[in-house]
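Spelled out, the chains give:
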Amino acid sequence: MTSNNHSPTGTDQLSSISPYLGGRIFALRFTSTTRGARLARRLVGVRLDEWGVPYGTGAHETVVLVAAELAANAVRHGHVPGRDFRLLLRVTDGPRPVARIEVSDTRAERVPPRPGRLPGPGPELTDGGRGLLLVEALADRWGWCPRLRAPGKTVWAECALD
């Protein structure tokens, strides 16, 4: 799958090498549905492969899984009717390449616990509740912050690509 950002119909996605950040950026809004979360996961996988992090590698699978969990959480816990969630994927180059995934939703009153303060897995988590435990286990760093100039929050994670 390849995006044509120069088409006359255009999209609101950004997919390029940024001269300001020294890396590649992909950002897009998705419907706050399970279908939107699934599409976000698939497009993160496609983008990583296009950027030289091939399918089947550990780095690819880790970043895609983290993005999938963050998108699913935005749909499940951050859903506001009629509002989308936004996903940003940024891959920075350098001596230690890193992928940063940011997922923003518009529900400000439901915030996740801070990193290191997640409850351990137990019988009370029979109906979900393991997404951030996976993120904490797989990502090198993660956290959340209120959105700037908009209601809601952004949950982010960073994964090394080496």
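Note: the structure precedes this text.
What you are looking at is a predicted structure, and each value in this text was computed from that prediction instead of being measured.

Draft legend 1. Representation of the overall build of the protein chain within the structure. Looking only at helices and strands, one finds three helices and six strands in the protein chain. For the protein chain, the sequential pattern of α-helices and β-strands runs β-β-α-α-β-β-α-β-β. If you take every contact in the protein chain between residues at least 6 apart in sequence, the share linking residues at least 24 apart comes to 60%.

Draft legend 2. Quick look at the packing of helix α2 (residues 58-77) against helix α3 (residues 131-138). Contact geometry for α2 and α3: axes closest at 9 Å, N-to-C directions at 150°. In terms of orientation, α2 lies roughly antiparallel with respect to α3. Between α2 and α3 lies a crossing of left-handed hand. Here α2 contributes Thr 62, Leu 65, Val 66, Glu 69, Leu 70 and Asn 73 to the contact with α3, which in turn contributes Gly 131, Leu 132, Leu 134, Val 135 and Leu 138. Broken down by class, the residue content of the contact of α2 with α3 amounts to seven nonpolar, three polar and one charged.

Draft legend 3. Representation of the nonpolar core within the structure. In terms of nonpolar packing, the biggest core is built from 36 residues, with Val 63, Leu 70, Leu 87, Leu 89 and Ile 101 touching the most fellow members. Contributing elements (two or more residues each) for this core: β2 (23-30), α1 (34-50), α2, β3 (85-92), β4 (98-105), α3, β5 (141-146) and β6 (153-160). No other element matches the nine residues that α2 contributes to this core.

Draft legend 4. Focus on the packing of aromatic side chains. The tally for this structure, following the rule as stated, stands at one aromatic pair. Here the aromatic rings of Phe 30 and Phe 85 are separated by 5.6 Å at their centres, their planes lie at 25°, and the arrangement is stacked. With Phe 30 in strand β2 and Phe 85 in strand β3, the pair connects residues that are 55 residues apart, well separated along the chain. No difference in accessibility class separates Phe 30 from Phe 85, as the two residues are buried. Seen from the ring of Trp 144, Arg 114 lies directly overhead, with NZ or CZ sitting 3.9 Å from the centre.

Draft legend 5. Spatial organisation of the pattern of salt bridges. In the structure shown here, the tally under the stated rule is eleven salt bridges. Notably, a salt bridge pairs Glu 50 with Arg 47, separated by 2.6 Å at the nearest N-O pair. Here the residue Glu 50 and the residue Arg 47 both occupy positions in helix α1, the gap between them amounting to three residues, near one helical turn. On the basis of relative accessible area, Arg 47 is assigned to the buried category, the value being 6%.

Draft legend 6. Representation of the pairing of β3 within the structure. Of all eight residues making up β3, six are buried, and the element is well covered by its neighbours. Where β3 lies against β4, seven bridges are found, and the strand directions are antiparallel. Looking across to β4, one finds that Leu 88 is bridged to Glu 102. The hairpin formed by β3 and β4 contains five residues between the paired strands, and Gly 94 there has a positive phi angle of roughly 145°.

Draft legend 7. Region of the structure containing the environment of Tyr 55. The topology assignment puts Tyr 55 in the loop between α1 and α2. For the pair Tyr 55 and Gly 45, spaced ten residues apart in the sequence, the C-alpha separation amounts to 7.3 Å. The contacts of Tyr 55, once residues within four sequence positions are left out, are Gly 45, Val 46, Asp 49 and His 60. Reaching out from Tyr 55, the side chain makes a polar contact with the backbone nitrogen of Val 46 at a distance of 3.4 Å.

What counts and how
Residues numbered from 1 in each chain as written. Predicted model: local features only at pLDDT ≥ 70, side-chain atom pairs only at ≥ 80, totals over all residues. Heavy atoms only, no water. Helix = DSSP H or I, 4+ residues; strand = E, 2+ residues; numbered from the N terminus. Contact = heavy atoms within 4.5 Å. Axes fitted to C-alpha atoms, helices over the stretch in contact; angles between N-to-C directions. Parallel < 35°, antiparallel > 145°, perpendicular 65-115°, else oblique. Left-handed = near helix turned anticlockwise from the far one by under 90°. Nonpolar A, V, L, I, M, F, W, Y, C, P; charged D, E, K, R; others polar. Core = buried A, V, L, I, M, F, W, Y, C linked by side-chain atoms within 4.5 Å. Buried < 20%, exposed > 50% of the residue type's maximum accessible area, 1.4 Å probe, protein only. Phe/Tyr/Trp six-rings, centres within 6.5 Å; stacked < 30°, edge-to-face > 60°. Lys NZ or Arg CZ within 6 Å of the ring centre and 35° of its normal. Salt bridge = Lys/Arg side-chain N within 4 Å of Asp/Glu carboxyl O. Pairing = 2+ DSSP bridges. Polar contact = N/O pair within 3.5 Å; in protein donor to acceptor, adjacent residues only side chain to side chain.

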